[in-house]
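# Inside the fold
What follows is the residue order along each chain.
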Amino acid sequence: MTILYEHPPAFGVELEEKNIPVDHDGQENELVLDGGFIVPDANSFGHTFRDYDIESERQKGVEEFYRTNHINQTYGFVKRMREEYGKLNRVEMSIWECCELLNEFIDESDPDLDEPQIEHLLQTAEAIRKDYPDEDWLHLTGLIHDLGKVLLHPAFGELPQWAVVGDTFPVGCAFDESIVHHKYFTENPDCNNSAYNSKYGVYSEGCGLDRVSMSWGHDDYMYLVAKENKTTLPSAGLFIIRYHSFYALHRAGAYRHLMNEEDVENLKWLKIFNKYDLYSKSKVRIDVEKVKPYYLSLIEKYFPAKLRW
Ligand SMILES: [Fe+2]
Ligand SMILES: [Fe+2]
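Residues numbered from 1 in each chain as written. Chains lettered and ligands numbered in written order. Predicted model: local features only at pLDDT ≥ 70, side-chain atom pairs only at ≥ 80, totals over all residues.

In the annotation of an unreviewed UniProt entry, the chain is listed under the name Inositol oxygenase and assigned to Populus euphratica. Taken from UniProt, the Sequence similarities (unreviewed entry) comment for the chain reads in full: "Belongs to the myo-inositol oxygenase family." (UniProt positions renumbered as here; feature names shortened; annotations may be inferred.)

### Thoughts on the overall build of the chain
Counting its regular elements, the chain contains 11 helices and five strands. Expressed as a percentage of its 309 residues, the buried residues of the chain come to 42%. Intrachain contacts of the chain at a sequence separation of at least 6 include 77% that bridge at least 24 residues. (Helix = DSSP H or I, 4+ residues; strand = E, 2+ residues; numbered from the N terminus. Buried ≥ 20, exposed ≤ 12 C-beta atoms within 10 Å, placed from the backbone. Contact = placed C-beta atoms within 7 Å.)

### Re the nonpolar core
Ranked by internal contacts, the top residues of the largest apolar core, which has 75 residues, are Cys98, Val150, Met222 and Ile240. Setting aside residues up to four positions removed in sequence, valine 150 forms contacts with Cys98, Leu101, Leu102 and Phe156. (Core = buried A, V, L, I, M, F, W, Y, C linked by C-beta atoms within 7 Å.)

### Observations concerning the environment of valine 288
With respect to the helices, strands and loops of the structure, valine 288 is situated in helix H11 (residues 288–302). When the 16 C-beta atoms within 10 Å are taken as the criterion, valine 288 is described as partly exposed. Considering only alpha carbons, one finds valine 288 and leucine 122, 166 residues apart in sequence, at a separation of 7.8 Å. Ignoring sequence-local partners within four residues, the contact set of valine 288 consists of Ile118 and Leu122.

### Observations concerning the UniProt feature "binding site: Fe cation" (unreviewed entry) in the chain
Residues given the UniProt feature "binding site: Fe cation" (unreviewed entry) here are His120, His145, Asp146, His218, His244 and Asp277. Assignment of secondary structure puts histidine 218 in helix H7 (residues 218–228). Residues contacting histidine 218, with those up to four places away along its chain left out, are Asp146, Gly148, Lys149, Leu151, Val164 and Val165. Mapped onto the elements of the fold, aspartate 277 is located in helix H10 (residues 261–279).

### A closer look at unusual backbone geometry
Generally, phi is negative for residues other than glycine and the peptide bonds are trans, each holding for most cases. For leucine 88, which is not glycine, the phi torsion reads 50° and is therefore positive. What makes leucine 88 partly exposed here is the crowd of 16 C-beta atoms within 10 Å. We note that glutamate 158 has phi near 45°; this positive angle belongs to a residue other than glycine. The topology assignment puts glutamate 158 in the loop between helix H6 (136–144) and H7. Judged by C-beta crowding, with 16 C-beta atoms within 10 Å, glutamate 158 ranks as partly exposed.

### Considerations on H7
Most of H7 is tucked away: nine of the 11 residues are buried. Buried residues of H7: His218, Asp219, Asp220, Tyr221, Met222, Tyr223, Leu224, Val225 and Ala226, and no others. In this fold, the buried residues of H7 make contact with helix H3 (75–86), H6, helix H8 (235–243) and strand S5 (307–308).

### As for the environment of lysine 230
Take lysine 230: it is sitting in the loop between H7 and H8. The exposure class of lysine 230 is exposed, given the 9 C-beta atoms found within 10 Å.

### Thoughts on the packing of helix H5 (residues 117–131) against H6
Direction vectors running N to C along H5 and H6 enclose 165°, while the axes themselves pass 7 Å from each other. The angle between the axes of H5 and H6 places the two elements in the roughly antiparallel class. At the point where H5 passes H6, the crossing takes the right-handed sense. On H6, the residues touching Leu121, Leu122, Thr124, Ala125, Ile128 and Arg129 of H5 are Leu138, His139, Gly142 and Leu143. (Axes fitted to C-alpha atoms, helices over the stretch in contact; angles between N-to-C directions. Parallel < 35°, antiparallel > 145°, perpendicular 65-115°, else oblique. Left-handed = near helix turned anticlockwise from the far one by under 90°.)

### A closer look at the confidence of the model for the chain
Per-residue pLDDT for the chain averages 84, and the proportion of residues at 70 or more is 79%. Predicted confidence is poor over residues 5–33, with pLDDT under 50, and the contacts of this stretch with residues over four places away or in other chains come to 50 contacts. Overall, residues 35–50 carries pLDDT values under 50, and its contacts beyond four positions in sequence, including any with other chains, amount to 33 contacts. (pLDDT = per-residue confidence, 0-100.)

Here it is, written out as structure tokens:
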């Protein structure tokens, strides 16, 4: 991995000024978001009693997470993040190197995880491979869809968790009621801005989701990385990467008025993918070295040797 620039955590300053609590400050919370990524600080094993307390503590952590997320994910914030991270001037590395980077530092922050993060990625990929052996692009999508979580790493500005993980949703138009903890949007300044709070907001009927700004996180970041580095993955692969945490869309069926025909087609693949993302955390151990050559061949097929991040 080559780190190209030393980036100060530019956004941290702004967060501090606004006095917004961030989630990586060692609170005793455990958030399980988005199929297998454990936001650390509590050991999830060995909770043999007082499960009610643990559950309610966990709930409070999740609520606080979404409160912060919903207040801060504004149209302006997303625009700034896309501009900043769209430069792709932080790191140069291959897809596999990024898997290893994510593996190392997520394990560091959560020593109680019973298996390395890379195994979760490979479990998703291998489970898909078993059921859809001919869709190699979907296997690779399984492996890489969460790589954007490197935004939590110091070399990527060490973004707070509310700006990296969790459910995503469009900004620049009304927040749909199906979005988790919708009530917290009342404190989002965009809610009182007539340019952004109508059904269509800055968009138009059937404009296509790729024209729609999504709340900032690992999904949109990885989509940017893949696209700007000229991946040859089919559009369904990019669709999965960008919208895999967009539960209002794939679970509640919201925002259909912004979709175009291609989105409708791609959504079918996303729904397939999501079953594996959520339920692949099986106890089946993956022999990383054994499957690595297969995934390296897919990486070579669909990506350049080195990517700009
Ligand atoms: Fe995932
Ligand atoms: Fe994810």
